[in-house]
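# Chain and residue survey
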Amino acid sequence: EVQLVESGGGLVKPGEFLRLSCAASGFTFSGYSMNWVRQAPGKGLEWVSSISSSSSYIFYADSVKGRFTISRENGKNSLYLQMNSLRDDDTAVYYCARGPFIAVTGPNWFDLWGQGTLLTVSS
Amino acid sequence: QSVLTQPPSVSAAPGQKVTISCSGSSSNIGNNFVSWYQQLPGTAPKLLIYDNNKRPSGIPDRFSGSKSGTSATLGITGLQTGDEADYYCGTWDNNLSAALFGGGTKVTVL
C-alpha cells in the first residue's frame, strides 16, 4: 500500500527539542521530493520545509529557519524533521507529504499525505 | 494574512456549482503551477488539482481548475453533501523561496 506514516509527536516545553519521523512505503521513495506541512489547531495549512530526492536542495519557511532541520534516508525510506528551540506557536499537526522533483524551485503540489502527528508545545 | 487570498466561505445547494478563487501575484501564481486540496473534517488534505488544471487518478471530473494571470479558480459542479470541506490552493513563490497555501475556503452544502 502506498502510504506515509508520521511518528514522534508529543508534548514538550518551550525551548525543548523533538524529532519527527515519516516512514514511506509502496512507492520509490528516492524518486520524490519530501515535505513537511503543519496545521495549527483550527487554522489553515502552513508549509514548513522541503527536501529534494537526493537531499541536494532544501528549503525552509522563515518561521522555522535556523531552528528546524529536514533530512532523509533513502535507504530506509524515511524522512525526518529535527525541531529545536520549540515555541508555543509550533503547536500543530505535522504532516509528511510527497512532492514532485525539485531543484532550484520548490514543490508546486503534494500528492500523498500522511495522517499527521500532533506536536504540542506548552509549559 | 496569507499571501494567497481565498474567500473564507462559499455555499450552494446540492447539485449546484461553486467556484473558489485564489489570488496571488507574479512571484507565485503568475509564474508557477497551482494545486488545490480538499480537507474533510478531521482528515489529512487530499490533492484535487495539480499543474493548474490536471486531476490525479480517482478525482471525479466534477472538480476542475483554471488559472489566468495571477489568479486561479477551483470549480465544483454537481455539489454533494460529501463535498463539505475546507479547500486550499497552493503554489511556489519565487521571491520568498517558499511553498504557499491560501487561507482556505469552507464549502457548505445548503
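Structure: see above.
All of the points below concern the structure found in this document. (Residues numbered from 1 in each chain as written. Chains lettered and ligands numbered in written order. Predicted model: local features only at pLDDT ≥ 70, side-chain atom pairs only at ≥ 80, totals over all residues. Heavy atoms only, no water.)

Within this structure, the stated rule accounts for 11 aromatic pairs over all chains. Here the aromatic rings of W109 of chain A and Y50 of chain B are separated by 6.0 Å at their centres, their planes lie at 65 degrees, and the arrangement is edge-to-face. In this pair, W109 of chain A sits in the loop between β9 (92-99) and β10 (112-113) while Y50 of chain B sits in the loop between β4 (46-49) and β5 (63-68), so the two residues belong to two different chains. Since its relative accessible area comes to 24%, Y50 of chain B is described here as partly exposed. An angle of 75 degrees between the planes, with centres 5.7 Å apart, marks the rings of W113 of chain A and Y37 of chain B as edge-to-face. Of this pair, W113 of chain A sits in strand β10 while Y37 of chain B sits in strand β3 (residues 35-39), on two different chains. The residues W113 of chain A and Y37 of chain B share a single accessibility class, namely buried. Taken together, the ring pairs connect Y95, F110 and W113 of chain A together with Y37 and F101 of chain B into an aromatic cluster. Its guanidinium or amino end placed over the ring of F29 of chain A, R72 of chain A lies 4.4 Å from that ring's centre, counting from NZ or CZ. (Phe/Tyr/Trp six-rings, centres within 6.5 Å; stacked < 30°, edge-to-face > 60°. Helix = DSSP H or I, 4+ residues; strand = E, 2+ residues; numbered from the N terminus. Buried < 20%, exposed > 50% of the residue type's maximum accessible area, 1.4 Å probe, protein only. Lys NZ or Arg CZ within 6 Å of the ring centre and 35° of its normal.)

By convention, interface size is frequently given as the accessible area that disappears when the constituent parts associate. Opposite the 19 residues of chain A that make contact, chain B presents 20 residues. Summed over both partners, the interface of chain A with chain B buries about 1,600 Å², with 64% contributed by carbon and sulfur atoms. Considering only the side of chain A, the residues that lose the most area to chain B are L45, W47 and N108 of chain A, jointly responsible for 38% of the buried surface there. Scanning the region where chain A abuts chain B turns up 0 salt bridges. Taken together, the links from chain A to chain B amount to 6 residue pairs in polar contact (both at pLDDT 80 or more). (Contact = heavy atoms within 4.5 Å. Buried area = accessible area lost by both parts, 1.4 Å probe. Salt bridge = Lys/Arg side-chain N within 4 Å of Asp/Glu carboxyl O. Polar contact = N/O pair within 3.5 Å; in protein donor to acceptor, adjacent residues only side chain to side chain.)

Glancing now at the sheet that holds β5 of chain B. All names here are of chain B. Ordered by their spatial adjacency, 3 strands build an open sheet running β2-β6-β5, and the pairing between neighbours is antiparallel. The sheet is open, and its two edges are formed by β2 (18-23) and β5, each paired on a single side. Taken over all neighbouring pairs, the strand axes of this sheet differ in orientation by 20 degrees on average, direction set aside. Pairing of β2 with strand β6 (residues 71-76), which is carried by 6 bridges, proceeds in the antiparallel orientation. Residue C22 lies in a different strand from β6, and its bridge partner there is A72. (Pairing = 2+ DSSP bridges. Axes fitted to C-alpha atoms, helices over the stretch in contact; angles between N-to-C directions.)

Turning next to the state of the cysteines. Residues and elements named next belong to chain B. Scanning the model with the defined rule gives 2 disulfides over all chains in all. Note on cysteine connectivity: C22 is disulfide-linked to C89, with sulfurs 2.0 Å apart. Classification of the bridge connecting C22 and C89 rests on its S-S torsion, roughly 70 degrees, and on that basis the disulfide is right-handed. Of this pair, C22 sits in strand β2 while C89 sits in strand β7 (residues 85-93), placing them 67 residues apart in sequence. For the pair formed by C22 and C89, the shared burial category is buried. (Disulfide = S-S within 2.5 Å.)

By size, the foremost hydrophobic cluster in this structure holds 44 residues, and its most contacted members are W36, W47, L79, L81, M83, Y94 and W113 of chain A. No other element matches the 5 residues that β9 of chain A contributes to this core. Not counting chain neighbours up to four residues away, the residues in contact with L81 of chain A comprise L18, R19, L20, W36, V48, F68, T69, I70 and Y94 of chain A. Counting residues in hydrophobic clusters, the runner-up holds 23 residues, among them A12, I59, Y87 and C89 of chain B. (Core = buried A, V, L, I, M, F, W, Y, C linked by side-chain atoms within 4.5 Å.)

In this section: the pairing of β5 of chain B. Residues and elements named next belong to chain B. Pairing analysis gives 6 bridges linking β5 to β6, with the strands arranged antiparallel. Each bridged residue has a counterpart across the sheet, and for F63 the counterpart in β6 is I76. Hairpin geometry of β5 and β6 is characterised by an intervening segment of 2 residues between the two adjacent antiparallel strands and by a positive phi of about 60 degrees at G69.

Paired through their backbone hydrogen bonds, the strands of a sheet run either parallel or antiparallel. All names here are of chain A. Taken in spatial order, the 4 strands line up as β1-β3-β8-β7 in an open sheet, and their pairing is antiparallel. Looking at strand neighbours, the two that pair on one side only are β1 (3-7) and β7 (68-73), the edges of this open sheet. On average, adjacent strands in this sheet sit at an angle of 15 degrees to one another, irrespective of strand direction. Both β7 and strand β8 (residues 78-83) contribute to a ladder of 6 bridges, which runs antiparallel. Within the sheet, the bridge partner assigned to T69 lies in β8 and is Q82.

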